[in-house]
Amino acid sequence: AMDPKEKWQTMVGALNMVSKFAECSPLSTSFALNDIIPIVTQMVNDSKQEVSVAARECLSKICQSIDNRDVEPFIPALVSATIDHEEVIECVQKLASTTFVQTVTAAPLALIAPLLLLGFRVRSTATKRMCAVIINNMSKLVEDPEDAAPFLPKLVPALEKAKEEISDPEARTVCGKAFEQLQSIEERLKTHKSCKAVRGVVEKEVKVSFGLSDDKLEYVATLVCSLVNCKVMDDDDWADELKPYGVSEEGAKKAFKALAALYFADAVEEEEDDDAEQLCDCKFTLAYGSKVLLHNTKLKLKRGHKYGLLGGNDSGKTTLMRAIANEQVDGFPPASELRTVFVEADIIGELSDLPCVDYILADPRIKKAGITEEVVTRMLMSVGFGEMQNKAKTLVTFLSGGWRMKLALARAMCLDADI
């Protein structure tokens with residue numbers, strides 16, 4: 001229906017339908033962006049104004065389905081540069097200044113790769129260098145090489161040409177590093193086991209788990225293939241998606257468990273005998289400045305357990321603990337559900353002339369929790385302040401490093417933290 005040979009009314013109707021689909025099912029849309037974007041892009045400058053307007057609106061809607069927080073702020077600029085190639089250089093400059101920390105999938109690549117190819121065609125060495133920097137940064141975060149596979153046949157030759165022809169030695173080196181990154185993805189592809197759903201395998205499992213009639217079986221098998229390919233790794237989501245088609249929750253979760261063992265390496269974990277309450281179970285990425293400290297790292301904590309955090313200097317141990325306490329870790333429960341306190345001897349200079357009990361009471365978290373002076377005094381005494389001459393009334397400025405840490409510990413105890 002989007003073929004230029006069709007009537008313009010048909011083309012507009014198809015574009016509007018795709019726009020609606022992007023709003024209703026963003027995950028499925030993002031999975032197909034590599035197929036959709038080239039078709040819609042060729043229609044944005046159509047001679048028929050109605051087609052052009054519908055195509056531009058459609059391009060904006062489908063690109064909003066990209067679920068990548070690093071790319072999301074630049075989507076309007078990327079869409080605008082896709083429509084008007086005069087804006088490519090400015091758009092590349094914006095992307096080059098970004099620290100990418102989120103896993104890179106096919107969806108953001110489908111939008112960015114064509115613009116990078118345009119960037120390699122301009123005369124400016126600086127632009128080509130920036131394109132290489134973007135490729136180098138993003139390719140390091142590609143977990144599934146299949147996501148990058150459709151873009152390698154064009155990006156690899158463009159980089160190879162740039163690293164040979166650019167006159168600036170430093171820019172050639174940057175292009176060379178990006179070229180090596182793409183080569184490493186090509187090498188991974190040679191031994192990569194595909195995680196795409198195999199229709200026959202899925203149909204067999206659907207038949208066993210769901211017990212559906214033949215007229216429903218084929219359609220539900222298609223839905224399950226889509227769930228696998230879109231990497232939906234939550235069995236509750238499977239149950240919700242399949243319920244309207246007569247699939248029981250038990251059947252959906254049974255199929256998920258069987259197929260997850262085949263396609264989702266991280267989704268199936270060994271059952272633990274420990275029945276302690278689970279405080280958190282999340283996967284996150286952590287960066288400090290332009291340095292990625294942790295990428296797609298799993299964190300699972302249970303109440304009553306003690307955990308050690310090991311790492312060399314400047315590896316991000318303190319950054320991680322502070323990020324958890326400040327609610328900056330993706331997927332970590334908010335403070336309203338899980339109270340977390342990072343104990344550090346962070347003495348505030350302008351309050352150091354206060355007695356210890358007043359210093360703790362001045363903390364915004366203590367005030368918010370409505371903790372009384374009696375509770376604070378009791379906590380201070382429990383960590384040893386009874387040994388001091390003035391006990392809980394000792395001035396903070398007279399405390400040594402060890403006593404300051406005890407002060408911080410008493411403050412944390414007052415908050416009755418879960419972690």
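Residues numbered from 1 in each chain as written. Predicted model: local features only at pLDDT ≥ 70, side-chain atom pairs only at ≥ 80, totals over all residues. Heavy atoms only, no water.

**A short note on the overall build of the protein**
Per the secondary structure count, the protein includes 20 helices and two strands. If you line up the protein on its principal axes, its C-alpha atoms span 90 × 65 × 45 Å. Counting over 419 residues, the protein shows a buried share of 41%. At a minimum sequence separation of 6, the contacts of the protein that also span at least 24 residues come to 63%. For the protein, the computed accessible surface area is about 23,300 Å², with 51% contributed by carbon and sulfur atoms. (Helix = DSSP H or I, 4+ residues; strand = E, 2+ residues; numbered from the N terminus. Buried < 20%, exposed > 50% of the residue type's maximum accessible area, 1.4 Å probe, protein only. Contact = heavy atoms within 4.5 Å. Areas by Shrake-Rupley, 256 points an atom, 1.4 Å probe, with all protein chains shown as cover.)

**Some details on the packing of aromatic side chains**
Counted according to the given criterion, the structure contains three aromatic pairs. Between Trp238 and Phe256 the ring centres are 5.3 Å apart and the planes differ by 75°, which places this aromatic pair in the edge-to-face class. Of the two residues, Trp238 is situated in helix H14 (residues 235–242) and Phe256 in helix H15 (residues 249–263); the sequence distance between them amounts to 18 residues. One residue, Lys163, lies across the ring of Phe179, its end atom 5.0 Å from the ring centre. Stacked on the ring of Trp403, the Lys or Arg Lys406 has its end atom at 4.2 Å from the ring centre. (Phe/Tyr/Trp six-rings, centres within 6.5 Å; stacked < 30°, edge-to-face > 60°. Lys NZ or Arg CZ within 6 Å of the ring centre and 35° of its normal.)

**Description of the side chain of Ser139**
Structurally, the position occupied by Ser139 is in helix H8 (residues 125–139). For Ser139, a relative accessible area of 4% puts it in the buried group. Of note is the side chain of Ser139, whose polar atom sits 2.8 Å from the backbone oxygen of Ile135. (Polar contact = N/O pair within 3.5 Å; in protein donor to acceptor, adjacent residues only side chain to side chain.)

**Section: helix H11 (residues 169–191)**
Given 3.6 residues per helical turn, the α-helix brings residues three or four places apart onto the same face. A rise of 1.5 Å per residue sets the reference length of H11, with its 23 residues, at 33 Å; its end C-alpha atoms lie 34 Å apart and thus fit the reference within 8%. Taken as a whole, H11 has its buried residues at Ala171, Val174, Cys175, Gly176, Ala178, Phe179, Leu182 and Ile185. On its buried side, H11 packs onto H8, helix H9 (145–148) and helix H10 (152–165). The backbone nitrogen of Glu170 lies 3.1 Å from a side-chain oxygen of the residue at the head of H11, namely Asp168. (Expected span 1.5 Å × (residues − 1).)

**What to know about the state of the cysteines**
The full count for this structure, using the stated rule, is zero disulfides. Unpaired in terms of disulfides, Cys175 finds its nearest cysteine sulfur in Cys131, a separation of 8.7 Å. Relative accessible area serves as the criterion here: at 0%, Cys175 is assigned to the buried category. Of all cysteine sulfurs in the structure, the one in Cys282 sits closest to Cys280, which takes part in no disulfide; the separation is 4.6 Å. Cys280 gets classed as buried once you look at its relative accessible area, which sits at 3%. (Disulfide = S-S within 2.5 Å.)

**Quick word on the confidence of the model for the protein**
Close inspection of predicted coordinates is inappropriate for parts of the model with low pLDDT. Per-chain confidence: the protein averages 85 in pLDDT, with 95% of residues scoring 70 or above. Per-element mean pLDDT across the protein ranges from 79 in strand E1 (residues 278–288) up to 93 in helix H4 (residues 49–63). (pLDDT = per-residue confidence, 0-100.)

**Brief notes about the nonpolar core**
Within the largest apolar cluster, 71 residues are counted, with the highest numbers of intra-cluster contacts made by Leu15, Val40, Leu59, Ile62, Leu78 and Leu159. The biggest single contributor to this core is helix H7 (residues 106–121), with eleven residues. Beyond its immediate sequence surroundings of up to four residues, Val40 is in contact with Met2, Leu15, Ala55, Cys58, Leu59 and Ile62. In this structure, Ala197, Val232, Ala252 and Phe256 belong to the second largest nonpolar core, which totals 24 residues. (Core = buried A, V, L, I, M, F, W, Y, C linked by side-chain atoms within 4.5 Å.)

**Concerning the pattern of salt bridges**
Applying the stated criterion across every chain yields a total of 16 salt bridges. As a salt-bridge pair, Asp147 and Lys231 come within 3.7 Å of each other at their nearest N and O atoms. You can see Asp147 sitting in helix H9 and its partner Lys231 sitting in the loop between helix H13 (214–229) and H14, a full 84 residues away along the chain. Between Lys253 and Asp236 there is a salt bridge, with the nearest N and O atoms lying 2.9 Å from each other. You can see Lys253 sitting in helix H15 and its partner Asp236 sitting in helix H14, a full 17 residues away along the chain. (Salt bridge = Lys/Arg side-chain N within 4 Å of Asp/Glu carboxyl O.)

**Focus: H7**
Across its 16 residues, H7 extends 23 Å between first and last C-alpha, which sits within 8% of the 22 Å expected from 1.5 Å per residue. Of all bends in H7, the biggest is about 35°, found at Ile112, and the proline Pro114 comes one to four residues later. The element H7 is largely enclosed, with a buried count of 13 among its 16 residues. (Bend = angle between axes of the 7 residues up to and from the residue.)

**Quick word on a nonpolar patch on the surface**
Together, Val343, Met405, Leu409 and Met413 give the surface a local cluster of nonpolar side chains, amounting to about 280 Å² of exposed area. Inspection of the secondary structure assignment puts Met405 in helix H20 (residues 401–414). (Patch = residues over 30% accessible without salt bridge, like charges linked within 9 Å, V, L, I, M, F, W, Y side chains within 5 Å.)

**Thoughts on the packing of helix H12 (residues 199–210) against H15**
Between H12 and H15, the least distance of the axes is 9 Å, while the angle of their chain directions is 150°. When the axis of H12 is compared with that of H15, the two are roughly antiparallel. Crossing angle aside, the handedness with which H12 passes H15 is right-handed. Every residue of H15 that contacts H12 at Val201, Glu205, Val208, Ser209 and Phe210 is listed here: Gly251, Ala252, Lys254, Ala255, Ala258, Leu259, Leu262 and Tyr263. Residues belonging to the contact of H12 with H15 are distributed by class as follows: nine nonpolar, two polar and two charged. (Axes fitted to C-alpha atoms, helices over the stretch in contact; angles between N-to-C directions. Parallel < 35°, antiparallel > 145°, perpendicular 65-115°, else oblique. Left-handed = near helix turned anticlockwise from the far one by under 90°. Nonpolar A, V, L, I, M, F, W, Y, C, P; charged D, E, K, R; others polar.)

**Focus on a negative patch on the surface**
Together, Asp234, Asp237, Asp240 and Glu241 line one region of the surface with negative charge. On the secondary structure map, Asp240 appears in helix H14. On the accessibility criterion, Asp240 (55% relative accessible area) is exposed. (Lys, Arg positive; Asp, Glu negative; His and termini not counted. Charge placed at Lys NZ, Arg CZ, Asp CG, Glu CD.)

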